[in-house]
Amino acid sequence: MYLSSLVIKNYRSYERLSVKFDDGINILQGENAAGKTNVLEAIGFLSFGKSFRTQKDVDCIKQGEDTAYIKGTIGKKQGELSVESVFMRDGKKSLKVNGEPARRMGELFGNFIAVVFSPEDLKVLKESPSLRRRFIDMEISKLKPTYFFELQEYNKALAQKNALLKSRMSIDEIRKLADVYNEQLATHGEKIIAARKAFLKRLDKQSAKVHEHLSGGEKLSLKYRSSVSADDVKTALYEKLTSALNSEIEQGFCLHGPHREDIAVSIDGDEIKAYSSQGQIRTAMLSLKLATLGIAKADFDELPVLLLDDVFSELDHARQRALLEYADGVQCFITTAVPIKSKIGSIYTVGGGNVKKES
Ligand SMILES: Nc1ncnc2c1ncn2[C@@H]1O[C@H](COP(=O)(O)OP(=O)(O)OP(=O)(O)O)[C@@H](O)[C@H]1O
Ligand SMILES: [Mg+2]
């Protein structure tokens, strides 16, 4: 699939913008603060229903304005599709696919699939497990909207249980009520863990191939670290939660389950740590992102759009070339403050509140 045109109004630094894009490589070039990432962010908004930079939609509304608007026209095998979003300073937001409201995020996913890679993503491999969980949760949700609903149910039960653990009720009362939540957490938790393991198996296979290509031979591998190891995940999780209740009451939050699990990422057998080289971390993360393209292609028979924010010019030439070879046939948006030397794709100059294609 590819984004053929983008219209935005009162989004970030843009008052009005209307651009047509190529189905191949689009390079957005301009000085710092010119508005390059803003364009990528708006494109991502149409895919994820939110910004990849902020949790707060209002940050994206142009200062002094009340309503932001984004519309994308997407070319797909079955024909053209439009995705629109309007959101306001008071928190109201609407998302539409072909003019029809998508009432839940799950209804938006899958229509326009974008994979974004920005410098922020390097944190996924360097920092806390929650970022790794968010990464796979997002990726699985894009492929499988029911997963997103499952997560929401799990998180609802988790929030209720945590409130209970912090409450001033008697231990007996807490025990009785916690059992109801533990049952729910085990039921949804089992499904979440199964989906994550299945997805990681695919991601592991695919990303190892990409990484070997990009790095010239390094072996990347992924492993899911679950809080339970038994085959019957639901029973094992339920039992673990039941026996942990005293410590949970003491600490005031739920100690086991998918919300505490992690993914181990290793290169040539060594787990990636904060002190691995920047280049290694960047390449590994890029491999994971590119691998999701192949997975989406297998599931939707369409290649997602790739958004590379400030990453391309940081790669050495061999890796740039390997990336472009791998992404052959994928519509790419590449932002860069330094002009790219090799003659590839269409160049767009970003600045002065506008995006202009160079002829
Ligand atoms: N809500 C907003 N309203 C108005 N302007 C905004 C808003 N949010 C961000 N901006 C402006 O957008 C500009 C930054 O745009 P953007 O992040 O796209 O730059 P960039 O071209 O990606 O720069 P860099 O090369 O440094 O990454 C800043 O000047 C900032 O003030
Ligand atoms: Mg930027």
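Colleague: Explanation requested: the site of ligand 1 in the structure shown.
Modeller: Close to ligand 1 lie 17 residues, the nearest being Ser13, Asn32, Lys36, Thr37 and Asn38. Ranked by the residues each element gives to the shell around ligand 1, the list is headed by helix 1 (residues 36-48), at 3 residues.

Colleague: Which parts of the structure should I look at to understand unusual backbone geometry?
Modeller: Residues apart from glycine generally show negative phi values, whereas peptide bonds are mostly found in trans. Phi is positive for Arg12, which is not a glycine, with a value near 50 degrees. Mapped onto the elements of the fold, Arg12 is located in the loop between strand 1 (2-11) and strand 2 (14-20). Its identity is not glycine, yet Asp268 carries a phi of approximately 50 degrees, on the positive side. Its place among the elements puts Asp268 in the loop between strand 10 (262-267) and strand 11 (270-271).

Colleague: Please explain helix 10 (residues 317-326) as it appears in this structure.
Modeller: Helical periodicity: at 3.6 residues per turn, an α-helix aligns residues three or four positions apart in one direction. Turning to helix 10, its buried residues number three or more, namely Gln320, Ala322, Leu323 and Tyr326. Taken down its axis, helix 10 places every buried residue within 165 degrees of arc, on the same side. Every exposed residue of helix 10 that faces more than 90 degrees away from the buried side is listed here: His317, Ala318 and Glu325.

Colleague: Looking at this structure, I do not really get the environment of Ser247. What am I missing?
Modeller: Position of Ser247 relative to the elements: it lies in helix 8 (residues 245-251). Judged by local crowding, Ser247 falls into the exposed class, with 9 C-beta atoms found within 10 Å. Along the sequence, Ser247 and Asp57 sit 190 residues apart, while their C-alpha atoms lie 38 Å from each other.

Colleague: Help me out: how do you make sense of the domain arrangement of the chain in this one?
Modeller: Where the parts come together, the accessible area they lose is often given as the size of the interface. As assigned here, the chain comprises domain 1 (1-113 + 302-359) and domain 2 (127-299). Between the C-alpha centres of domain 1 and domain 2 the distance comes to 29 Å. Counting from both sides, the interface comprises 17 residues of domain 1 and, opposite them, 15 residues of domain 2. Mapped onto the side of domain 1 that touches domain 2, the elements with two or more residues apiece are helix 2 (105-108) and helix 10. Top contributing element to the side of domain 1 that touches domain 2 by residue count: helix 10, with 4 residues. Residues of the side of domain 1 that touches domain 2, tallied by class, amount to 12 nonpolar, 2 polar and 3 charged.

Colleague: Can you help me understand the sheet that holds strand 4 (residues 67-76) in this one?
Modeller: In sheet architecture, strand pairing relies on hydrogen bonds along the backbone and comes in two forms, parallel and antiparallel. Sheet architecture is open: 6 strands sit in the order 2-1-4-5-6-7, paired in antiparallel fashion. One side of each edge strand has no neighbouring strand; the edge strands of this open sheet are strand 2 and strand 7 (100-101). Sheet topology places strand 6 (residues 93-97) next to strand 7; 2 bridges connect them, and they run antiparallel. Within the sheet, the bridge partner assigned to Val97 lies in strand 7 and is Glu100. Docked against the sheet, helix 1 engages strand 1, strand 2, strand 4 and strand 5 (79-88), running at close to 110 degrees with respect to strand 1.

Colleague: Please explain the pairing of strand 15 (residues 354-357) as it appears in this structure.
Modeller: In the case of a regular strand, side chains alternate between the two sheet surfaces. In terms of strand pairing, strand 14 (residues 346-351) meets strand 15 through 4 bridges, oriented antiparallel. Looking at strand 15, one finds that Val350 is bridged to Val355.

Colleague: For this particular structure, what's the right way to read helix 7 (residues 233-243)?
Modeller: Buried within helix 7 we find Val233, Leu237, Tyr238 and Leu241. Taken down its axis, helix 7 places every buried residue within 125 degrees of arc, on the same side. Of the surrounding elements, those touching the buried residues of helix 7 are helix 6 (171-215).

Colleague: What should I look at first to understand the nonpolar core in this one?
Modeller: In globular proteins that are soluble, nonpolar side chains generally tend to be buried together. Judged by nonpolar contacts, the single largest core of 90 residues is most densely connected at Ile43, Leu307 and Leu308. Both domains that furnish three or more residues to this core are identified here as domain 1 (1-113 + 302-359) and domain 2 (127-299). The residues contacting Ile43, other than those within four sequence positions of it, are Leu3, Leu6, Gly72, Ala114, Leu307 and Phe333.

Colleague: Just checking my understanding: could you explain the packing of helix 4 (residues 129-143) against helix 5 (residues 145-166) for this structure?
Modeller: How two helices pack is summed up by the angle between their axes together with the distance between the axes. Contact geometry for helix 4 and helix 5: axes closest at 5 Å, N-to-C directions at 130 degrees. When the axes of helix 4 and helix 5 are compared, the pair comes out oblique. Across the interface between the two elements, Asp137, Ile140 and Ser141 from helix 4 touch Pro145, Tyr147, Phe148 and Leu151 from helix 5. For the contact of helix 4 with helix 5, the per-class residue count stands at 5 nonpolar, 1 polar and 1 charged.

Conventions we followed
- Residues numbered from 1 in each chain as written.
- Chains lettered and ligands numbered in written order.
- Predicted model: local features only at pLDDT ≥ 70, side-chain atom pairs only at ≥ 80, totals over all residues.
- Near = placed C-beta within 6 Å.
- Helix = DSSP H or I, 4+ residues; strand = E, 2+ residues; numbered from the N terminus.
- Buried ≥ 20, exposed ≤ 12 C-beta atoms within 10 Å, placed from the backbone.
- Arc of directions from axis to C-beta.
- Domains from an automatic or database assignment.
- Contact = placed C-beta atoms within 7 Å.
- Nonpolar A, V, L, I, M, F, W, Y, C, P; charged D, E, K, R; others polar.
- Pairing = 2+ DSSP bridges.
- Axes fitted to C-alpha atoms, helices over the stretch in contact; angles between N-to-C directions.
- Core = buried A, V, L, I, M, F, W, Y, C linked by C-beta atoms within 7 Å.
- Parallel < 35°, antiparallel > 145°, perpendicular 65-115°, else oblique.

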